[in-house]
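Examining the three-dimensional arrangement
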Amino acid sequence: MLRKLLFQQTPKAYRFLSTQSTLPSLNKCSVFSYCSSSQPEIPLSNSIEQLQDQPKSTISIDRSGLYNPSEHSHEPSSDSELVKHLKGIIKFRGGPISVAEYMEEVLTNPKAGFYINRDVFGAEGDFITSPEVSQMFGEMVGVWAMCLWEQMGQPKRVNLVELGPGRGTLMADLLHGASKFKNFTESLHIHMVECSPALQKLQHRSLKCVDEDSTSEDVDKRSRSTLSGTPVSWHATLEQVPTGLPTIIIAHEFYDALPVHQFQRGFRGWCEKMIDVTDDSLFHFVLSPQPTPATLYLMKRCKWAVPEEVEKLNQIEVCPKAMDLTYTLAKRIGVDGGGALIIDYGLNGVVSDSLQAIRKHKFVNILDNPGSADLSAYVDFASIKHSAEEASDDVSVHGPITQSQFLGSLGINFRVEALLQNSTDEQAESLRSGYWRLVGDGEAPFWEGPEEQVPIGMGTRYTAMAIVNKKQGIPIPFE
Ligand code: SAH
């Protein structure tokens, strides 16, 4: 079966890697299941309360002086800093917060957010991503970037931007894979867009960076990767990356971490699902009594859908940050040239109710011990397409295609064959399971290890989309 898969797809860009068959790092691959396909269930009937309509005229009371926690405060002392912070927002605002605000605080709160202070990836962490599964993933993304650079006319200077680079593994493997193509690597200035100081440090290490300004202690400065001699800079947002150069942007499992608003159809129409605190100090869902600001994005999203798509749904998720980010990104590509590659799990249409929490490779309740589990939601690829097209007439959008099609067309089958030829038995095992997890669908048929560790393929659950400047034509492998 593996052999059949190895040869079933024709490579379009394999030539970039065919000269290399080194195995820089095989021990990244771990072998237990990525995640199950089951969704965490929110029992709507008993967990969501309808808030009473508020009176039209209200009297504002300054409550700031009333909060004076004493030694005998009723706050449960076991609450984490983040839980106290979330309860504080709800308390002082005098009402619930949106699911999006909760998600944003849980993931990226500057003091205690899930991503902020630690390494959450890999077998020891909470979840594993494709770049951590096998070096081949970053190498294939590198092939894609080099092909686009060729289509761009091999510019002398290019910004290569990665959004949410995690441990920096994808970029390190991309540079390893491209190291023989000096014209390409010498044209690059790498920009890592990362909100987590801890992960910035890890990325700095993965890219084997040396700092150019040795007097500054901060990682937020110009460094150079000794993997390729390429300058590397870090930024908290895409807006901070300098404009004016052709740009290649990579976003792998970044969009799914952007906060989503959830709406539920009720007898009064669509209401936003919010998060409040019960009298006994537990988080719970409530429905907004009146339209919330995010309703504007819901209306925008619904306009892009055909009526039948929305009619059948009782819940809808919208991600304004994804729409806004895509708008910014597409405008930049429209003006500066280049393209973006987005790979994530999601749907090519309206997403209903996908938000999930994963801790130590298991699904947990979204409201349980926030900050200790990853929160992520399906990416709405159709909305990305519409946002990009709305932003600029100079860009075209391609895909989504499955990760399996994407990697197969770029030559992963030939790459794995080349790597297998120079591998030990242990490395070969690791390569096969890594390959299966990247391009397979369901459980790996060749697996002989413990049943609970069988590799589950991500090949069709993950999809790839490209947004490119029209001058570049259609990007490989989306023809
Ligand atoms: N691309 C990596 C990591 C995916 S996890 C991989 O595939 O392994 C999401 C990444 O995005 C993390 O690095 C996280 O710190 C970063 N991130 C999440 N939200 C962010 C935001 N709003 N701004 C910048 N970085 C963010």
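Not measured: the values here are computed from a predicted model. (Residues numbered from 1 in each chain as written. Predicted model: local features only at pLDDT ≥ 70, side-chain atom pairs only at ≥ 80, totals over all residues. Heavy atoms only, no water.)

The subject of this paragraph is the packing of helix H10 (residues 295-304) against helix H13 (residues 381-391). Packing of H10 against H13 leaves a shortest axis separation of 10 Å and a crossing angle of 95 degrees. As far as their axial angle goes, H13 and H10 are roughly perpendicular. For the pair H10 and H13, contact is made by Lys 300, Arg 301 and Trp 304 and by Ala 382, Ser 383, His 386, Ser 387 and Glu 390, respectively. (Axes fitted to C-alpha atoms, helices over the stretch in contact; angles between N-to-C directions. Helix = DSSP H or I, 4+ residues; strand = E, 2+ residues; numbered from the N terminus. Parallel < 35°, antiparallel > 145°, perpendicular 65-115°, else oblique. Contact = heavy atoms within 4.5 Å.)

What follows is about a negative patch on the surface. On the surface, Asp 425, Glu 426, Glu 429 and Glu 448 cluster together into a patch of negative charge. Examined against the element boundaries, Glu 426 turns out to sit in helix H16 (residues 425-439). Taking the relative accessible area as the measure of exposure, Glu 426 reaches 67% and is therefore exposed. (Patch = residues over 30% accessible without salt bridge, like charges linked within 9 Å, V, L, I, M, F, W, Y side chains within 5 Å. Areas by Shrake-Rupley, 256 points an atom, 1.4 Å probe, with all protein chains shown as cover. Salt bridge = Lys/Arg side-chain N within 4 Å of Asp/Glu carboxyl O. Lys, Arg positive; Asp, Glu negative; His and termini not counted. Charge placed at Lys NZ, Arg CZ, Asp CG, Glu CD. Buried < 20%, exposed > 50% of the residue type's maximum accessible area, 1.4 Å probe, protein only.)

Take the packing of helix H3 (residues 81-93) against helix H4 (residues 99-108) next. For the pair H3 and H4, interaxial distance at closest approach is 10 Å and the crossing angle is 150 degrees. Put simply, H3 runs roughly antiparallel to H4. The two elements H3 and H4 meet at a crossing, and its hand is right-handed. On H4, the residues that touch Leu 82, His 85, Leu 86, Ile 89 and Arg 93 of H3 are Glu 101, Tyr 102, Glu 105 and Val 106. Grouping the constituent residues of the contact of H3 with H4 by class yields five nonpolar, one polar and three charged. (Left-handed = near helix turned anticlockwise from the far one by under 90°. Nonpolar A, V, L, I, M, F, W, Y, C, P; charged D, E, K, R; others polar.)

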